[in-house]
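Residue-level listing of the chains:
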Amino acid sequence: MPILIESTGILDSKSMILTYSSYPEKPINHVWNESGYAILNITDEDFEKYPEIKELFLTRDTSIKKSDPRTDNPVLNSVQVLTRKRIDEIREKYCIHRILYWEGEYYQAGIPYS
């Protein structure tokens, strides 16, 4: 007897990346091509609720400086986000039209759709 398994997205996994942002001058355009970015101050509450965000920021590559002309939007860090629900939740709160502010710097995070 064949068993049919329906994909629920429970085991989905995507990489979330972190890059510097030059906001307010020129937001980096990962996936979105519209203006209207909101600044989101990253807090300890964000770290508590979303360990992925905590890992993204606390383990970022601090040796890369955005003032270095040889770097063009370098990826500072990448972490895995598991489950479709979590991916959608984090993408909505931290990625879509958001500039993230933490420890005196502006960043952008992105989770690809494909």
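Residues numbered from 1 in each chain as written. Predicted model: local features only at pLDDT ≥ 70, side-chain atom pairs only at ≥ 80, totals over all residues. Heavy atoms only, no water.

(A) Structural context of the pairing of strand β1 (residues 13–20). Summarising the sheet, β1 and strand β3 (residues 75–82) pair through seven bridges and their orientation is antiparallel. Along β3, the bridge assignment pairs Thr19 with Val75. When β1 meets strand β5 (residues 105–110), the two strands line up antiparallel, connected through four bridges. From the neighbouring strand, Thr19 faces β5, where its bridge partner is Gln108. (Pairing = 2+ DSSP bridges. Helix = DSSP H or I, 4+ residues; strand = E, 2+ residues; numbered from the N terminus.)

(B) Region of the structure containing the packing of aromatic side chains. All chains considered together, the criterion is met by seven aromatic pairs. Judged by centre distance (5.5 Å) and plane angle (20 degrees), the rings of Tyr20 and Tyr107 are stacked. Pair noted here: Tyr20 is in strand β1 and Tyr107 is in strand β5, with a separation of 87 residues, a long-range link. Both residues of the pair, Tyr20 and Tyr107, belong to the buried class. Ring centres 5.3 Å apart and planes at 80 degrees place the aromatic pair Tyr50 and Tyr94 in the edge-to-face group. Placement of the pair is Tyr50 in the loop between α1 (44–49) and α2 (51–58) and Tyr94 in helix α3 (residues 84–95), with a sequence separation of 44 residues. In terms of burial, Tyr50 and Tyr94 fall into one category: buried. A cation over an aromatic ring shows up here: Arg91 above the ring of Tyr113, its NZ or CZ 4.0 Å from the ring centre. (Phe/Tyr/Trp six-rings, centres within 6.5 Å; stacked < 30°, edge-to-face > 60°. Buried < 20%, exposed > 50% of the residue type's maximum accessible area, 1.4 Å probe, protein only. Lys NZ or Arg CZ within 6 Å of the ring centre and 35° of its normal.)

(C) Expanded view of the confidence of the model for the chain. With 71% of its residues at a pLDDT of at least 70, the chain reaches an overall mean of 80. When the elements of the chain are averaged for pLDDT, strand β2 (residues 38–41) gives the smallest value, 86, and α1 the largest, 97. A low-confidence stretch, residues 1–8 stays under pLDDT 50, and its non-local contacts, those more than four residues away or across chains, total zero contacts. Counted against residues more than four places away or in other chains, residues 27–33, with its pLDDT under 50, gives 24 contacts. (pLDDT = per-residue confidence, 0-100. Contact = heavy atoms within 4.5 Å.)

(D) Here's a closer look at unusual backbone geometry. Unlike most non-glycine residues, Thr83 shows phi in positive territory, near 75 degrees. Judged by relative accessible area, Thr83 falls into the partly exposed class, the value being 29%.

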